[in-house]
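Each chain, letter by letter, is given below.
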Amino acid sequence: MLTTLRTIITDNWEHRRQIGFLAVMELRKAVHGTWLGWLWLVLKPIVYVAAFWFALEIGLRADRQTASSVPYIIWLGTGIFVWQYMSSMITSGSNVYKNYSYLVTKLRFPIAVIPSFHSLGKLLVFGLTQIILVIAMLVWNTGFTIYLLQWPLLVILLYFTFTVFSLMTAPLSALSRDFHNALTVLNTPIFWLSGIIFDVSRINIAWIKWVLRFNPVTFFAKAFRGCLGEGYWFWSDPLFFFPFLCTLLVMIILALWVQTRLKKEIPDVI
Amino acid sequence: MSSDISVIQTTASRSFVAVRFRDVTKTFRLYQSNKQRLRAAFSRRVAYKTVTAVNDLSFTINRGESVALIGRNGAGKTTALKIITGVTTPDSGLVEIHGRVSALLGLSAGFDSRLTGRENLQLRGRLWGLSSTEINEKMDAIVEFAELGSYIDQPIRTYSSGMRARLGFAFASSLDPDILILDEVLSVGDRSFHRKSLAKMKEILAKHNLTLLFVTHSFSSAKQFCERGIVIDAGTLLFDGPIEEAIAFYEEMTD
């Protein structure tokens, strides 16, 4: 597994320029042949936030069920924008070897680099949504705090976590459509159960609280809220940060194991 | 399965040997179902059948040689070329590749169907290690050679297989590779493009001391610029010699 780790790091370093170029190509593909072009990349998350805001704040009055002092739409948008990135990595990030089969079976290209540029492409879209969020914060005059300084760290951690997730799941999806279908099916329950649209700190059932502490989706939704409105450092509460680190460590070990075991088989099965 | 594998890949374009296979074997595992294949990722006890695509194959191709790989469908030609290209790894044996390899494997030619022809050329050029200036310098000549006109700015998914092959060949041959691999690519172009491609191949073969590996079922093309033929059947080398004799051997074998 150490050899695999070394290969993954070396391949990614040697292809760092191509990773940037391929990530931009990802976005170009997404807007090809569209009249509104790049606007489509942000329209979907915006419409998503607007629909949830209307249903939850106007319809269900859910804004009263968060402990946050920031406007509910900002609180909701922070969670949903980061969810959009995580969701796309759960569905398409876990299927990169099939989606980029031409790089796997027709060209000499290191397969450990494919999750990196796919993840970066999705992260660029996330970056655009963060600009929208900042504009919204200016409009609602929520103010910016020192906790905003942790934003670059959080983004790097987000990118790293879900690139590892892609390295871990994409070889298994290449082997089995059932595995990828299972992840796609789980995507919606993960959204509803992970605290994207509700405040997990208000849950009173102890074991559910513990389970959610190990959920990276819950971690990032909460951490970005701490950064952009609620005001806390993501590492300040060990009960919040260390369970996430445990999950990340398990994901890294599994990703290395899966890559070691299956990397030679992937071009033969796609 | 043996773990006795060595793959030596260098960019030494002056080495006398371009490609060497010594006792190379490649097998594929066939599982009863996808479920079994997924289970096999976690357990070594899952049963599977083994298909040997390349069986104890040995040959040496020297720098500047043009070699046609001849054989029936499923004989192992494409697998051998994929091993040389580096997209698949052998189970055992020694593989040496000296020089940069440009390959056109199959009719899709390794393009992303959602990108335009121009974007694909930019992407492939970047992956080859060219700067955007170098790619732009080559662009006009490639587009002109591929006869794509304004189609170059349309997504590849709208191209016919002939158009893809033309673009793929125009690009692969423009890179000045040390080793050029063409797998069935020229079989889909029309006659005029076929003639043009053959002329281009002769030109680059003469100019750059290129090593060519060619898979085709068109023996007339093979005869025009390959001096050597290797006949493969069931992954095993049956004949290695002058192209005329290789074709005669194959025709006799398939009669």
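This one's a predicted model, so the numbers in the text were calculated from it and none came from an experiment.

Description of the overall build of chain B
Argument step 1. Secondary structure assignment for chain B yields 8 helices and 10 strands.
Argument step 2. The C-alpha extent of chain B, read off along each of the three principal axes, is 55 × 45 × 40 Å.
Argument step 3. Of the contacts made within chain B by residues no fewer than 6 positions apart, 73% connect residues no fewer than 24 positions apart.

Comments concerning the overall build of chain A
Argument step 1. Scanning chain A for helices and strands turns up 13 helices and 0 strands.
Argument step 2. Counting helices and strands in the order they occur from the N terminus, chain A gives α-α-α-α-α-α-α-α-α-α-α-α-α.
Argument step 3. Compactness check: chain A gives a C-alpha radius of gyration of 19 Å against a globular reference of 18 Å for 270 residues, within 12% of the reference.
Argument step 4. Residues counted as buried form 37% of the 270 residues belonging to chain A.
Argument step 5. Here the contacts in chain A between residues at least 6 apart in sequence split such that 81% fall between residues at least 24 apart.

Description of the interface of chain B and chain A
Argument step 1. Of the residues lining the interface, 24 residues belong to chain B; the matching set on chain A comes to 23 residues.
Argument step 2. Going through the elements one at a time, α1 (34-42) and α3 (117-128) of chain B are the ones with two or more residues in the side of chain B that touches chain A.
Argument step 3. With 5 residues, the top contributor of residues to the side of chain B that touches chain A is α1 of chain B.
Argument step 4. Classifying every residue of the side of chain B that touches chain A by side-chain character gives 10 nonpolar, 8 polar and 6 charged.

Focus on the environment of leucine 213 of chain B
All names here are of chain B.
Argument step 1. Looking at the secondary structure, you find leucine 213 in strand β8 (residues 211-215).
Argument step 2. Among the residues examined, leucine 213 registers 26 C-beta atoms within 10 Å and is labelled buried.
Argument step 3. Sequence-distant contacts of leucine 213, that is, excluding residues within four places in its chain, are made with Val67, Leu69, Leu81, Ile84, Ile179 and Ile181.

Examining unusual backbone geometry
All names here are of chain B.
Argument step 1. One non-glycine residue, aspartate 56, adopts positive backbone phi at about 55°.
Argument step 2. By the secondary structure assignment, aspartate 56 is in strand β3 (residues 49-62).
Argument step 3. Located in the positive-phi region is alanine 234, a residue other than glycine, with phi close to 50°.
Argument step 4. Note on placement: alanine 234 falls in the loop between β9 (228-233) and β10 (236-242).

A word on the environment of tryptophan 35 of chain A
All names here are of chain A.
Argument step 1. Along the polypeptide, tryptophan 35 turns up in the loop between α2 (16-31) and α3 (39-59).
Argument step 2. Overall, tryptophan 35 belongs to the exposed group, with 7 C-beta atoms counted inside 10 Å.
Argument step 3. Sequence-wise, tryptophan 35 and phenylalanine 242 are 207 residues apart; in three dimensions their C-alpha atoms are separated by 46 Å.

Describing the sheet that holds strand β4 (residues 66-70) of chain B
Residues and elements named next belong to chain B.
Argument step 1. On the basis of which strands lie adjacent, the open sheet formed by 6 strands has the order β6-β7-β8-β4-β9-β10 and mixed pairing. In this open sheet, the two strands that pair with only one neighbour each are β6 (101-105) and β10. Averaged over all adjacent pairs, the angle separating strand axes in this sheet is 15°, with direction ignored.
Argument step 2. Both β9 and β10 contribute to a ladder of 6 bridges, which runs antiparallel. Counterpart to glycine 229 in the pairing with β10 is glycine 241.
Argument step 3. Of the strands in this sheet, β4, β6, β7 (179-183), β8 and β9 touch helix α2 (residues 77-85), which is tilted by about 145° from β6.

Observations regarding the confidence of the model for chain A
Argument step 1. Taken over all residues, the pLDDT of chain A has a mean of 90, while the share at 70 or more is 97%.
Argument step 2. Put simply, α3 of chain A is where chain A has its lowest mean pLDDT, 85, and helix α8 (residues 151-175) of chain A is where it has its highest, 96.

Examining the pairing of β4 of chain B
Residue and element names in this part refer to chain B.
Argument step 1. The element β4 is largely enclosed, with a buried count of 5 among its 5 residues.
Argument step 2. Where β4 lies against β8, 4 bridges are found, and the strand directions are parallel. By the bridge assignment, alanine 68 is partnered in β8 with phenylalanine 214.

Considerations on the pairing of β9 of chain B
All names here are of chain B.
Argument step 1. Looking at chain direction, β4 and β9 are connected through 4 bridges and run parallel. Residue pairing across strands places valine 67 opposite arginine 228, the latter belonging to β9.
Argument step 2. Adjacent in sequence and paired antiparallel, β9 and β10 are bridged by 2 residues, among which alanine 234 carries a positive phi angle near 50°.

What to know about helix α1 (residues 2-14) of chain A
Argument step 1. Taking 1.5 Å per residue as the helical rise, α1 of chain A with its 13 residues ought to reach 18 Å, and the 18 Å between its terminal C-alpha atoms agrees with that figure.
Argument step 2. For α1 of chain A, the tally of buried residues reaches only 1 of 13 residues, placing the bulk of the element at the surface.

What about the confidence of the model for chain B?
Argument step 1. Residues with a pLDDT of 70 or more make up 93% of chain B, whose mean pLDDT is 85.
Argument step 2. Scored by ipTM, the complex comes to 0.80, with pTM at 0.87.

What to know about the packing of helix α4 (residues 72-91) of chain A against helix α11 (residues 216-230) of chain A
Residue and element names in this part refer to chain A.
Argument step 1. Two numbers describe how α4 lies on α11: the axes approach to 9 Å, and their chain directions differ by 135°. Comparing their axes, α11 and α4 come out oblique. When the axes of α4 and α11 are compared, the crossing they make is right-handed. Mapping the contact onto sequence places Ile74, Trp75, Thr78, Gly79, Val82, Trp83 and Met86 in α4 and Val217, Phe220, Ala221, Phe224, Arg225, Leu228 and Gly229 in α11.
Argument step 2. Each residue belonging to the contact of α4 with α11 can be placed in one class, and the counts come to 10 nonpolar, 3 polar and 1 charged.

What about the environment of isoleucine 156 of chain A?
Argument step 1. Considering the arrangement of structural elements, one finds isoleucine 156 of chain A in helix α8.
Argument step 2. Sequence separation between isoleucine 156 of chain A and leucine 123 of chain A is 33 residues, and the spatial gap between their C-alpha atoms is 9.8 Å.

The rules we used
- Residues numbered from 1 in each chain as written.
- Chains lettered and ligands numbered in written order.
- Predicted model: local features only at pLDDT ≥ 70, side-chain atom pairs only at ≥ 80, totals over all residues.
- Helix = DSSP H or I, 4+ residues; strand = E, 2+ residues; numbered from the N terminus.
- Contact = placed C-beta atoms within 7 Å.
- Rg over C-alpha atoms; globule rule 2.2 N^0.38 Å.
- Buried ≥ 20, exposed ≤ 12 C-beta atoms within 10 Å, placed from the backbone.
- Nonpolar A, V, L, I, M, F, W, Y, C, P; charged D, E, K, R; others polar.
- Pairing = 2+ DSSP bridges.
- Axes fitted to C-alpha atoms, helices over the stretch in contact; angles between N-to-C directions.
- pLDDT = per-residue confidence, 0-100.
- Expected span 1.5 Å × (residues − 1).
- Parallel < 35°, antiparallel > 145°, perpendicular 65-115°, else oblique.
- Left-handed = near helix turned anticlockwise from the far one by under 90°.

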